[in-house]
Amino acid sequence: MTDIRNSTFLFAIGAFVALFVTAQSLTFMVRAWKEGRRIGLTSATMKKAIIGSASFSFVPSIAILLAVLTLAGALGLPLPWIRLSVVGAITYELPAAETAAQAFGTSIKNVISDPTVFSAIAWAMSVGSVFAMILIILFAKSIQSGIHKARLKDTKWSGLLISAMFMGLISAFLGSALGGGLVSILTLLASAATMGFFGLLIKKAKLAWLENFAMPVSMISGMAVAAVFTLASSGGSL
Amino acid sequence: MNAPLKVYKTYDETIHRNGRIWMIAAILITQGVPLAISLRFGVWPPIGKLIAGLLPTMMVFWPIAIVEVLTFTPMLGSGGTYLGFVTGNLSNLKVPAAIAAMQSAGVEPSTKEGEIISTLSIGASSLMTNVVLVTGVLLMSYLLPVLESPTLKPAFANLLPALFGALGVVFISRNWKISVAPLALMIGLFIAIPTLPVGILIPAGAIVSIGVARLMYKRNML
């Protein structure tokens, strides 16, 4: 049976999506550049914004690439690549993939080789992320013109609300990790400890540039612990 | 003399029209991906199970989408919003990139100049991510056999505890008081019924977490 996950077909879709994102970025940049000149911004200022943002984005983009890598084990390369090129972020894609997999009686802990489950995960990741785009189509213009500004007056509560929602989600997955046995718990602790260490370095040693690496490196440390522990407990050697 | 017959639309009007067209195209493309998979491989997941898999995450992420749209739209300006919400990775990349660019150029968000700098910044940021991802994916496609080796299998099998261990530290350190109730609930549920699926745990965790946070907020405990 052909492996849907890493099929040429999916790589071709990935290439198409990458082209779409490139085309949209270039179109918007050209239009903004022309308007910028018209309202009196200098080319030097605009060039500086472009080069500055591109270099600013290099390291976080490597982090996004690492997120693609972490999902590639279960889902192959193209689907995580597509999802993290448009709309997506790892904090959404991973829970969406896992809840969809569980609805089909499996988990992304395993390689998703069943085509039906794979397609269900692709549907869940995609449909789940459409809402923000619909809101933008409907409301971006009126938000910009100030009509909806009153809505978010209580910014303290809206910040807390997001934290509370995420905490609900995180605690659900932490709870289910407890059921994964010793290896899962060790992975969780290793990843948490690495993140804590990064937090100390960033705050106490003022190494703010480490911020972008904190999440991917913590995840990879946790996953490395899982691999090494399993290998050691099965009597193998590296 | 008569005014020119051709009416030139302002930047603001065209950006909203074009932005909406691009956004609709983006919706068609993102939803076209699973559709293409289903059509090409002849696999259609049963709708009931799919909804059961979708609902728990939608319950959490759709309200977050509302807050993100209301918060980020005024910050990013029109062009930046239409571009940023298509290319994603907003809070971890696009928003900080746009804010840094506006600061460095000495312009404010929600001004005409801010709008231009933010759009250029988000465009440049998307292009960089695209270059890194395309290059990385091409290189990694040669590494696929390594990624699927038996030694690495337990590493990928523990992806979820790896993500949520790290995310847990981030959110607990941000506001530990919010995290006590949902964590206590999950540990309790795990002891009582260890096999509950996350599809049930997520809504339970979110409802308790939001409810307790709201109570604490109203009583000035947060």
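**Q** Can you walk me through the overall build of chain B in this structure?
**A** Counting secondary structure elements, chain B contains nine helices and zero strands. Order of helices (α) and strands (β) in chain B, N terminus to C terminus: α-α-α-α-α-α-α-α-α. Taking 2.2 N^0.38 as the reference for a compact globule, 222 residues should give roughly 17 Å; the C-alpha atoms of chain B span a radius of gyration of 23 Å, well beyond that estimate. Seen through its principal axes, chain B has C-alpha atoms that stretch 85 × 55 × 35 Å. Per-residue burial for chain B yields a buried fraction of 50% across its 222 residues.

**Q** Would you mind going over the interface of chain B and chain A with me for this structure?
**A** The accessible area lost on association of the parts is a frequent measure of interface size. On the chain A side, the residues contacting the 133 residues of chain B number 142 residues. When the two sides are added together, the surface that chain B and chain A hide from each other amounts to roughly 13000 Å², 81% of it contributed by carbon and sulfur. The largest per-residue losses of area from chain B upon contact with chain A belong to Trp22(B), Leu120(B) and Phe164(B), which jointly make up 6% of the total buried on that side. At the surface where chain B touches chain A, the tally comes to one salt bridge. The shortest N-O distance in the salt bridge between Glu35(A) and Lys112(B) comes to 3.6 Å. Where chain B touches chain A, the interface holds 23 residue pairs in polar contact (both at pLDDT 80 or more). For the side of chain B that touches chain A, the leading source of residues is helix 2 (residues 47-87) of chain B, giving 30 residues.

**Q** How should the domain arrangement of chain B be read in this particular structure?
**A** Residues and elements named next belong to chain B. Here chain B is partitioned into domain 1 (7-43), domain 2 (55-142) and domain 3 (152-218). Distance from the C-alpha centre of domain 1 to the C-alpha centre of domain 2: 17 Å. At the junction of the two partners, domain 1 supplies eight residues and domain 2 supplies nine residues. Summing the contributions of domain 1 and of domain 2, the shared interface buries around 650 Å²; its carbon and sulfur component is 71%. Viewed at the interface, domain 2 and domain 1 are joined by zero salt bridges. The interface formed by domain 1 and domain 2 includes two residue pairs in polar contact (both at pLDDT 80 or more). Residue composition of the side of domain 1 that touches domain 2, by class: four nonpolar, two polar and two charged.

**Q** Explain the environment of Thr81(B) to me, please; I cannot follow it from the model alone.
**A** Position of Thr81(B) relative to the elements: it lies in helix 2. Since its relative accessible area comes to 0%, Thr81(B) is described here as buried. For Thr81(B), the residues in contact, after removing those within four places along its chain, are Ile136(A), Gln144(A), Met23(B), Phe72(B), Thr73(B) and Leu76(B). Within polar-contact distance, the side chain of Thr81(B) engages the backbone oxygen of Gly77(B) at 2.6 Å.

**Q** I would appreciate a short explanation of the packing of helix 5 (residues 115-128) of chain A against helix 1 (residues 11-41) of chain B in the present structure.
**A** To describe two helices that pack against each other, one gives the angle between their axes and the distance between the axes. Running from N to C, helix 5 of chain A and helix 1 of chain B point in directions that differ by 170 degrees, and their axes come no closer than 8 Å. In terms of axis orientation, helix 5 of chain A runs roughly antiparallel to helix 1 of chain B. Crossing angle aside, the handedness with which helix 5 of chain A passes helix 1 of chain B is left-handed. Where helix 5 of chain A abuts helix 1 of chain B, its residues Phe118(A), Ser119(A), Ala122(A), Trp123(A), Ser126(A) and Val127(A) lie against Thr30(B), Gln31(B), Pro34(B), Leu35(B), Ile37(B) and Ser38(B).

Criteria and cut-off values
- Counting restarts for each chain, with residues numbered from 1 along the sequence as it is written.
- The order in which chains are written sets their letters, starting at A; the order in which ligands are written sets their numbers, starting at 1.
- The predicted origin of the model limits local features to residues at a pLDDT of at least 70 and limits the giving and counting of side-chain atom pairs to 80 or more, whereas totals for whole chains, interfaces and linings rest on all residues.
- With hydrogens and water excluded, all non-hydrogen atoms of the structure serve as input to the side-chain values.
- Each helix is a run of H or I in the DSSP string that is no shorter than four residues. Each strand is a run of E no shorter than two, and both are numbered from the N terminus.
- Our radius of gyration is a C-alpha quantity, and the globule rule it is checked against amounts to 2.2 Å times the number of residues to the power 0.38.
- For the exposure calls, accessible area comes from a 1.4 Å probe over protein chains only, and a residue counts as buried if that area is under 20% of its type's maximum, exposed if over 50%, partly exposed in between.
- Whether two residues are in contact is decided by their heavy atoms: any pair within 4.5 Å suffices.
- Throughout, buried area stands for the accessible area (probe radius 1.4 Å) lost by two parts on being put together, summed over both.
- For salt bridges, the criterion is a side-chain nitrogen of Lys or Arg within 4 Å of an Asp or Glu carboxyl oxygen.
- For this analysis, a polar contact is any N or O atom pair within 3.5 Å, provided that within protein one partner can donate a hydrogen and the other can accept it, and provided that sequence-adjacent residues contribute only side-chain to side-chain pairs.
- Segmentation of the chain into domains, including their bounds, is taken from an automatic or database domain assignment.
- Residues were grouped as follows: Ala, Val, Leu, Ile, Met, Phe, Trp, Tyr, Cys and Pro as nonpolar; Asp, Glu, Lys and Arg as charged; and all remaining residues, including Gly, as polar.
- Axes here mean lines fitted to C-alpha atoms, for a helix over just the part in contact, with angles spanning 0 to 180 degrees between N-to-C directions.
- When describing relative orientation, an angle under 35 degrees is termed roughly parallel and one over 145 degrees roughly antiparallel, while 65 to 115 degrees is termed roughly perpendicular and anything else oblique.
- For any helix crossing, the convention is left-handed if the near helix is rotated counterclockwise from the far helix by under a right angle, and right-handed if that rotation is clockwise.

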